[in-house]
Amino acid sequence: MIGSASLAPYLGLAGMIAGAAFASGALVWIARFGDRARPDREAAMAASALTALWCVLGAALGPDAPATALIATARNLAFIAVIFRLFSADGRDESLRPIRPVILALVLVELLQPLILAIEMRVDPARQFEAVIFEVSAVLAMLVAIGVLMLLHNLYAGAAAASRQVLRWSGIAFAGIFAYDLNLHTIAYLGGESPQVLVALRGLFAGAMIGLLAIGANARGASLQLRPSRAVTFQTLSLLVIASYLLVMVLVTRSLALIGGDVARTGQVAFLVLAIVSAVIWLPSQRVRSWIRVMAAKHLFQHRYDYRVEWLRFTRTIGRGSGGSASFHERAVKAIADISDSPAGLLLVPNEEAQLELTARWNWPTIEVPAIAGGYTLSGLLEQHHHILDLDEVRAGTDYHGELAEVPAWLREAEDAWALVPLIHFERLVGAIILARPRIERQLDWEDLDLLRVAGQQLASYLAEQAGQQALMDASRFDEFNRRMAFVMHDIKNLASQMSLLAANAEKHADNPAFRADMLVTLRKSSEKLAALLARLGRYGAGQVQELGLVDLAGLARTVAKRFEGVHPVALTRADPIEVVADRESLEQALIHLVQNALDASDAKTPVHLDVVRDGLAGRIDVVDSGHGMSPEFVRNSLFKPFVSSKRGGFGIGAFEAREMVRAMGGRLAVESREGVGSRFSITLPLPEAARLGGTAGDSPSAQQNEVA
């Protein structure tokens, strides 16, 4: 097999020819398209021409030929001249006194190379003199490379922002050339011989760098910027990490090999096993990748975020169709969480009383959220100030707008909760998103706050649009339902009239007294039932009740529990003697519906509990089951929505009607539920004292109805 040493001459020849072509092309480009006003134009053309000549001589005579070495010295002097002229391009040509001695020293050191070459040609080529001359030449080349790199650093670091646009490509070209030379001569000095592969590729690399010099010499070259994408940067960093890992493995194993013996071989095997295990554990880790991403964004980019990428990802997440398993509200949480690399989040939405309730959660099943996640004062604060809450600052006691007193205790105690982002639409709070702490610990900064605030406003518009569409659909369904009910009520009225007429005729014309009496009783009861059904149908969706009065909650609970005897166990756990202001018939109807729902959600032998307690100036009756439970999204979006029913053939207005009847009596129907645990429905109604304070005591039932409603 042909070794790398035998391939080096052919590789060097091809590299020198390619370098000559690149340098010649750069010379033509600068001459035709270069900015004629640049002070380094002539020096750059000379450097390109000498580089092309050096490559030609290297290809024809070899890289170590005396003529090639002399042209290499001339080329380096031309490079130094270009750098000197670049200082004047920055407007500092009048203050070059500190620079001139450095330039002069570099020129003198470079001019020592021809002297070394002359000595080498005259002395006897004994091995000891060759080694000394080789080391001295390598040291001089390293000194020149280090000096030029220091000049370039001083040039670019001290330049103004506008001047850096002019210096960028030329600086990259010379930094690449002299960094390559520094590494080549350092390896040669340490190894005692020139590395053949690096020497062979030197011409090609120099020609490519001269191409960058030509780009910088163009009038439009200053506007040409190298801006790699973040994806390319992160992939490059990953490759560098892998390369560093392999390099460390090689160095350690080779170092252990120098020891020799069984101990060295055992150490090599142990190190390899340890390194492989570490790589398997750490490299696939999401935490490690997140750390690399954060460090790269912090140190390599001016901004933390690639706003174009973030906005495209945000739009794709929100706009994804409903075919997936995630609901719209879950996608909304994910869209905001992905911006800050948060692994989970919650969506809170204000209810009719401006209290925040949990609507959806994404990747956060463990956090315990109460039924009322935040009070109306917190909603008002978020709506007024549009302030994103840094929950770590809240825990530390930092207060900007009085939020310390309003953040609920459960949110303070949840250490994983990181930030609360309000969703504002036309100065109105439509929701709030709680973000979990990112995998890599960091603090919120101004860039996080700006992007989250803008994304929150956009998301708020989506939520408001979705709510508006849902309201239009509900209104359309209500209109259809009302039209249907009008026909139903008309038919029932006709039936009631016919049955009343039949009863009157039977009373006059029936011959059999016993039959007549039985028929009269039957017809009267049917007429009464139809009239009651007609009255009940007339109240659907209207939220009205017949008559308000004092109702014994404990007695009503016993009546309802007794009604379900033999069907399903309904237990009365507490029955405090409490009287509330309500309509007994409507309250009983609402309570029966809630109990029936609890029975449907529970196993056959699992009891449903009724709990009657006093709650301040109100009485409360709870319907508690240990059934399947409901998700926050279902409670928020479907439970009290008309025409949404989980029962086949159902209207889906029972829960809606129950809530409206309780509201019409001046009460409130609340629900707490958790999937797999069960549900609690709570009907709260005012005590007579509360009704008296509200100005309804002593009024007629109809007046009480209007006032309490």
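All of the points below concern the structure found in this document.

Cut-offs used in this document
Residues numbered from 1 in each chain as written. Predicted model: local features only at pLDDT ≥ 70, side-chain atom pairs only at ≥ 80, totals over all residues. Heavy atoms only, no water. Helix = DSSP H or I, 4+ residues; strand = E, 2+ residues; numbered from the N terminus. Buried < 20%, exposed > 50% of the residue type's maximum accessible area, 1.4 Å probe, protein only. Contact = heavy atoms within 4.5 Å. Areas by Shrake-Rupley, 256 points an atom, 1.4 Å probe, with all protein chains shown as cover. Patch = residues over 30% accessible without salt bridge, like charges linked within 9 Å, V, L, I, M, F, W, Y side chains within 5 Å. Salt bridge = Lys/Arg side-chain N within 4 Å of Asp/Glu carboxyl O. Phe/Tyr/Trp six-rings, centres within 6.5 Å; stacked < 30°, edge-to-face > 60°. Lys NZ or Arg CZ within 6 Å of the ring centre and 35° of its normal. Expected span 1.5 Å × (residues − 1). Axes fitted to C-alpha atoms, helices over the stretch in contact; angles between N-to-C directions. Parallel < 35°, antiparallel > 145°, perpendicular 65-115°, else oblique. Left-handed = near helix turned anticlockwise from the far one by under 90°. Nonpolar A, V, L, I, M, F, W, Y, C, P; charged D, E, K, R; others polar. Polar contact = N/O pair within 3.5 Å; in protein donor to acceptor, adjacent residues only side chain to side chain. Pairing = 2+ DSSP bridges. Core = buried A, V, L, I, M, F, W, Y, C linked by side-chain atoms within 4.5 Å.

Turning next to the overall build of the chain. Within the chain one finds 23 helices and twelve strands. Buried positions account for 41% of the 709 residues belonging to the chain. In the chain, once contacts between residues fewer than 6 apart in sequence are set aside, the share between residues at least 24 apart is 70%. Summing over all exposed atoms, the chain offers an accessible surface of approximately 38,000 Å²; the carbon and sulfur share of this is 59%.

To continue, consider a nonpolar patch on the surface. Together, Leu104, Leu108 and Leu111 make up a nonpolar patch on the protein surface, roughly 290 Å² of accessible area in all. Considering the arrangement of structural elements, one finds Leu111 in helix α4 (residues 100–122). Accessibility expressed as a relative area gives 42% for Leu111, which makes it partly exposed.

Our focus in this paragraph is the packing of aromatic side chains. All chains considered together, the criterion is met by six aromatic pairs. For the ring pair Trp29 and Phe33, a centre distance of 4.6 Å and an interplane angle of 45 degrees mean the geometry is tilted. A residue pair is termed a helical-turn pair when its members lie 3 or 4 positions apart in one helix, as Trp29 and Phe33 do in helix α1 (residues 4–33) at four residues. Look at Phe33 and you get partly exposed, because its relative accessible area is 41%. Ring centres 6.0 Å apart and planes at 80 degrees place the aromatic pair Phe79 and Phe178 in the edge-to-face group. Of this pair, Phe79 sits in helix α3 (residues 66–89) while Phe178 sits in helix α6 (residues 161–191), and the two are 99 residues apart along the sequence. With a relative accessible area of 0%, Phe79 lands in the buried category. In textbook terms, an aromatic cluster arises when at least three aromatic residues are bridged by ring pairs, as seen for Phe79, Phe174 and Phe178. Taking the ring centre of Trp54 as reference, the NZ or CZ of Arg75 above it sits at 4.6 Å.

Attention now goes to the pattern of salt bridges. Summed over all chains, the structure comprises 17 salt bridges. Across the salt bridge formed by Arg663 and Glu660, the nearest N and O atoms sit 3.4 Å from each other. Taken together, the residues Arg663 and Glu660, both in helix α21 (residues 654–664) and three residues apart, mark about one turn of the helix. For Arg663, a relative accessible area of 32% gives the class partly exposed.

Below, the discussion takes up α4. With 23 residues, α4 should cover 33 Å at 1.5 Å per step; its first-to-last C-alpha distance of 34 Å lies within 8% of that length. The complete set of buried residues in α4 reads Ile103, Leu106, Glu110, Gln113, Ile116 and Leu117.

This part takes up the packing of helix α2 (residues 41–61) against helix α7 (residues 196–217). One way to put it is that α2 packs onto α7 with a least axis distance of 10 Å and a crossing angle of 160 degrees. Judged by the inter-axis angle, α2 sits roughly antiparallel to α7. You can see that α2 and α7 cross each other, and the crossing is left-handed. Contact residues: α2 offers Ala44, Ser48, Thr51, Trp54 and Cys55, while α7 offers Arg202, Gly203, Ala206, Ile210 and Leu213. Residues belonging to the contact of α2 with α7 are distributed by class as follows: six nonpolar, three polar and one charged.

A turn of α-helix holds 3.6 residues, and therefore any two residues three or four places apart point the same way. Looking only at helix α18 (residues 553–563), the buried set comprises Leu553, Ala554, Gly555, Leu556, Ala557, Val560 and Ala561. Taken together, the buried residues of α18 touch β6 (549–552), β7 (570–575), β8 (579–582), α19 (584–601), β9 (608–615) and β10 (618–625). For α18, the N-terminal capping position is held by Asp552, with its side-chain oxygen 3.3 Å away from the main-chain nitrogen of Ala554.

A separate point is the sheet that holds β7. Read from one edge of the open sheet, five strands run β7-β9-β10-β12-β11, paired in mixed fashion. Two strands close off the open sheet at either side, each with one partner strand: β7 and β11 (668–674). Within the sheet, the average angular offset between the axes of one strand and its neighbour, ignoring direction, is 15 degrees. Relative to strand β12 (residues 678–686), β11 is paired through seven bridges, and the arrangement is antiparallel. Among the inter-strand pairings, Val671 is bridged to a residue of β12, identified as Phe681. Along the sheet, α19 contacts β7, β9, β10, β11 and β12; its crossing angle with β10, the most-contacted strand, is approximately 25 degrees.

Spatially, β2-β1-β5-β4-β3 is the arrangement adopted by the five strands of the open sheet, whose pairing is antiparallel. Here the strands that pair on one side only, and so sit at the sheet edges, are β2 (356–362) and β3 (389–390). Relative to β2, strand β1 (residues 345–350) runs antiparallel, the two being bridged by six bridges. When the sheet's bridge partners are listed, Leu348 is paired in β2 with Leu358. Contacting β1, β2 and β5 (428–436), helix α12 (residues 328–339) crosses the sheet at an angle of about 75 degrees to β2.

Next up on the list: the nonpolar core. Ranked by size, the top nonpolar core spans 42 residues in total, and within it Leu587, Val595, Val623, Phe681 and Ile683 carry the most contacts. Residue contributions to this core peak at eight residues, all from α19. The contacts of Leu587, once residues within four sequence positions are left out, are Val551, Leu553, Leu556, Ala582, Met665, Ile683 and Leu685. Grouped together as the second largest cluster of nonpolar side chains are 35 residues, Ile30, Ala43, Leu106 and Ala173 included.

A separate point is the packing of α18 against α19. With their axes 10 Å apart at the nearest point, α18 and α19 run at an angle of 50 degrees to one another. Of the possible angle classes, the one that applies to α18 and α19 is oblique. The two elements α18 and α19 cross, and the hand of that crossing is right-handed. Residues Leu553, Leu556, Thr559, Val560 and Arg563 of α18 touch α19, and the partners they reach there are Arg584, Leu587, Glu588, Leu591, Ile592 and Val595.

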